[in-house]
Amino acid sequence: MSKMFCFQCEQTAGCSGCTKVGICGKQPDVANKQDELTCALIGLARAASGKTPGKKADELMMQSLFATITNVNFDSNRIDELKELVAAEKETLGGAEDFLWEELWKGNEDIVSLRSTLLLGIRGMAAYAYHAYVLGKKDSEITSWFYKGMLALGEEHSIDEWLNLLMEFGQINLKCMALLDEANTSTYGHPTPVKVPMKIEKGPFIVVTGHDLYDLKQLLEQTEGKGINIYTHSEMLPAHGYPELKKYAHLKGNYGTAWQNQQKEFAEIPAPILFTTNCLMPPKVGYADRVFTTAVVGYPEIQHIPESKDGKKDFTDIINKALELGGWKEDKQLTGINGGTELMTGFARNTVLGVADKVIDAVKAGAIKHFFLVGGCDGAKTGRNYYTKFVKQAPKDTVVLTLACGKYRFNDLDIGEIGGLPRIMDMGQCNDAYSAIQVASALANAFDCDINELPLTLVLSWYEQKAVCILLTLLSLGIKNIYLGPTLPAFISSNVLDVLVEKFDINPISSPEEDLNAILG
Ligand code: SF4
Ligand code: SF4
C-alpha cells in the first residue's frame, strides 16, 4: 500500500512517483503533511476570495509553497507550524473548506497532469517571489496570482481552460523573475564577469549554498574582519559577479560542484555549511553537526538560524563553528568535474547586452553560427553527462549561454573564445533565465525577427519545480523547439505531452551527436 505520493521532481521513483519514501529522503509523514499544507493553502485562497488578504497571509502563502519544493524542508514540525499558521490566517479571513488532500493527485490522468503542472509551477514561483520579498520588492499582481492559482487548483476546468491558466501563469512568472532581477540588481548592482577560484585558502571558512543573496550579504557583513573566508557552493556561485557582494575581500571563491555531490563534498571539509534554500540532501552523520539551515529550509535535528521580525539573522553560531573547526592548515587547490581550477560567471543581461554590437557583428560576419542556452538543474542521474558532451562537441563557431546548477557539468572547461568573448557565458542562477530571455529578445529585435527565427536553441535540464515555472514562462512566450532532459516529467501525461509537442515542438534529448546534427543540420 502506498504511504505517500509525490512525483514533483526528476528523480521520482521509477519515473512515476515516490510512494514509500522519497528518493530525496522525504519521509511519508512529511510528504503527507506537505500535501495537507498545499490543500490548506487552497482553503486560504478560498477564504481570501473577494477580500484583500494582509501581509501575514501573503507571507504564509509564499513561505508555505516554497517549503514544499524538492529538497527544501524535511522537518515535519516546521510543516506543522506552517499548517497551524495557515489555518489561523484562514479563520481571520472568515474561514473556508480546505481542498481534500486525498484528492490532490487523483482524477482523470490529463486533468491531474495539468493541475499538477500548475501547482508545481506556482511552488517554483513562490521561491522567486520570496527572494524578491526579502529585498523589499513585492508586486500586487504577482501576489494576487498565488491566490488565483491556488483557488483554480480546487476548481473544475476543461483541458483548454487548464492550458490557458498555464500560459497565463507563465506570463506572471516572467513578471516575478523580472521583479527578482530588479531586486537583485538594485540592491547589489549589475553582475560583471569575474573568474572565481576553486582554491580554498588556509584558515577558517564557511560554505554558503542555495539561492538567497540576502543571506550571503548578511553573513559577509557579520564575518568581515574575523579571519573567516566565505566560499559559495552550487547556485550561490553567481554572487561573485555582483559589485555589492564581490567588494568583500573575504568572499574568496567557490567550493564544490552541484548539489547532488554534497554528501561527499561536505564530508571532506573542516568547515560549516549554510543552506539558504534547496537543494539540501539528508546530511550524513559525519558532517551533520556542521550543517546550518535558514529561511524556509529545514531538516530534523539540524541547527536552524531564524530571522527576526525585520528579516535580520544572527549568524554567531555558524561563525563560532567556523572558528572552532579552523579550516585547513594549508591552501587547497580543488577542481571542477573536468579538472578546471576556476569558474567564470557574471554574464547577466547587462554585460551581454553591453557587448551586443560585438555579438551582432560576429553573427553577421559568420564568426558565431549558433547560440545554445544549455541550462537548468543538475541531478544525480548518469544520463546528465549528455550536457558535458553536448558542450564539448558544440562546434567552435557556437556560443554556449548557461545558468543554474546544471552548468557544473561543463563550467570548468576552457573551450576558447570568439572575438574576445568566452564561448561559455554563465548568466547566473535559474531565476536569471530572465536575463537569457532579455538577451534573446534584444537579438531578435536587432535581427528584426522572431525569437524562434534566431540561431538559438534551448537545451534544458530540469530537476525541480523552479525549472517547471521557467519552462512555462518560455512556452508562454511562444518559444519552440526546446530540447528537454534528462527525462520528461512524470506529471506530464502522454496526452498533455502530445499537446506540448504539437504546439511547442518540445523534443526530449537523445544523444549530443544526434541533437547537434538535428539543430545545426
Ligand atoms: S521531491 Fe522528488 S524524490 Fe522527493 S518525494 Fe517528491 S518526487 Fe520523490
Ligand atoms: S538549479 Fe534547481 S537543482 Fe540546482 S540547486 Fe537550484 S533548485 Fe536545486
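Residues numbered from 1 in each chain as written. Chains lettered and ligands numbered in written order. Predicted model: local features only at pLDDT ≥ 70, side-chain atom pairs only at ≥ 80, totals over all residues.

Undergrad: Any chance you could break down the site of ligand 1 for me, citing the residues and the numbers?
TA: Not every one of the 13 residues close to ligand 1 is listed here, only the nearest: Cys-6, Cys-9, Cys-18, Gly-22 and Cys-24. Partitioning the shell around ligand 1 into residue classes produces 7 nonpolar, 5 polar and 1 charged. (Near = placed C-beta within 6 Å. Nonpolar A, V, L, I, M, F, W, Y, C, P; charged D, E, K, R; others polar.)

Undergrad: Please set out the nonpolar core residue by residue, giving values where relevant.
TA: Among soluble globular proteins, nonpolar side chains are generally buried collectively. Among the nonpolar cores identified, the biggest contains 167 residues, and Leu-41, Phe-66, Ala-126, Ala-129 and Ile-206 are the most heavily contacted of them. Among the elements that take part in this core, helix H4 (residues 109–134) stands out by supplying 13 residues, more than any other. (Core = buried A, V, L, I, M, F, W, Y, C linked by C-beta atoms within 7 Å. Buried ≥ 20, exposed ≤ 12 C-beta atoms within 10 Å, placed from the backbone. Helix = DSSP H or I, 4+ residues; strand = E, 2+ residues; numbered from the N terminus.)

Undergrad: Could you give an account of the domain arrangement of the protein, with specific residues and numbers?
TA: According to the domain assignment, the protein consists of domain 1 (26–187), domain 2 (194–333) and domain 3 (346–520). Taken together, the 12 residues of domain 2 in the interface contact 13 residues of domain 3. (Domains from an automatic or database assignment. Contact = placed C-beta atoms within 7 Å.)

Undergrad: If you had to explain unusual backbone geometry to someone new, which residues and values would you point to?
TA: Of the consecutive residues Asn-278 and Cys-279, the connecting peptide bond is found in the cis state with omega at 20 degrees. Along the chain, the position of Cys-279 falls in the loop between strand S6 (273–275) and helix H10 (285–288). Put simply, Gly-485 and Pro-486 share a cis peptide bond, and its omega is 0 degrees. On the secondary structure map, Pro-486 appears in the loop between strand S17 (483–485) and helix H17 (494–504). Even without being a glycine, Ala-404 presents a positive backbone phi close to 70 degrees. If you trace the backbone, Ala-404 turns up in the loop between strand S12 (398–402) and strand S13 (417–418). Judged by the 30 C-beta atoms lying within 10 Å of it, Ala-404 is buried.

Undergrad: Which residues make up the pairing of strand S11 (residues 370–376), and what values go with them?
TA: Of all 7 residues in S11, 6 are buried; the element is thus mostly enclosed. As defined by bridge partners, S11 adjoins S12 across 4 bridges and the pair is classed as parallel. Paired with Phe-371 across the bridge in S12 is Val-399. Once the chain exits S11 it traverses helix H14 (residues 385–393) before rejoining the sheet at S12, and the crossover so formed is right-handed. (Pairing = 2+ DSSP bridges. Right-handed = clockwise from strand over helix to strand, strands pointing away.)

Undergrad: Account for the packing of H14 against helix H18 (residues 512–520), naming residues and giving values.
TA: Where H14 meets H18, the closest approach of the two axes is 9 Å, and the angle between their N-to-C directions is 50 degrees. Judged by the angle between their axes, H14 and H18 are oblique. The two elements H14 and H18 cross, and the hand of that crossing is right-handed. Together, Tyr-386, Lys-389, Phe-390 and Gln-393 of H14 and Pro-512, Glu-513 and Leu-516 of H18 make up the contact between the two elements. Of the residues that constitute the contact of H14 with H18, the class distribution is 4 nonpolar, 1 polar and 2 charged. (Axes fitted to C-alpha atoms, helices over the stretch in contact; angles between N-to-C directions. Parallel < 35°, antiparallel > 145°, perpendicular 65-115°, else oblique. Left-handed = near helix turned anticlockwise from the far one by under 90°.)

Undergrad: So what about the site of ligand 2? Which residues, and what values?
TA: Around ligand 2 sit 13 residues, and of these Cys-279, Cys-377, Ala-404, Cys-405 and Tyr-463 come closest. Here the residues of the shell around ligand 2 are counted per class, giving 7 nonpolar, 2 polar and 4 charged. Structurally, the shell around ligand 2 is a two-domain feature, drawing no fewer than three residues from each of domain 2 (194–333) and domain 3 (346–520).

Undergrad: How would you summarise the packing of helix H5 (residues 140–153) against helix H6 (residues 159–188) if you had to cite specific residues and measurements?
TA: Contact geometry of H5 with H6 gives a least axis separation of 10 Å together with a crossing angle of 150 degrees. Our classification of the angle between H5 and H6 gives roughly antiparallel. Remark: the crossing between H5 and H6 carries left-handed chirality. Contacts between H5 and H6 involve Glu-141, Ile-142, Trp-145, Gly-149 and Ala-152 from the first element and Leu-165, Phe-169, Ile-172, Lys-175, Cys-176 and Leu-179 from the second. Classifying every residue of the contact of H5 with H6 gives 8 nonpolar, 1 polar and 2 charged.

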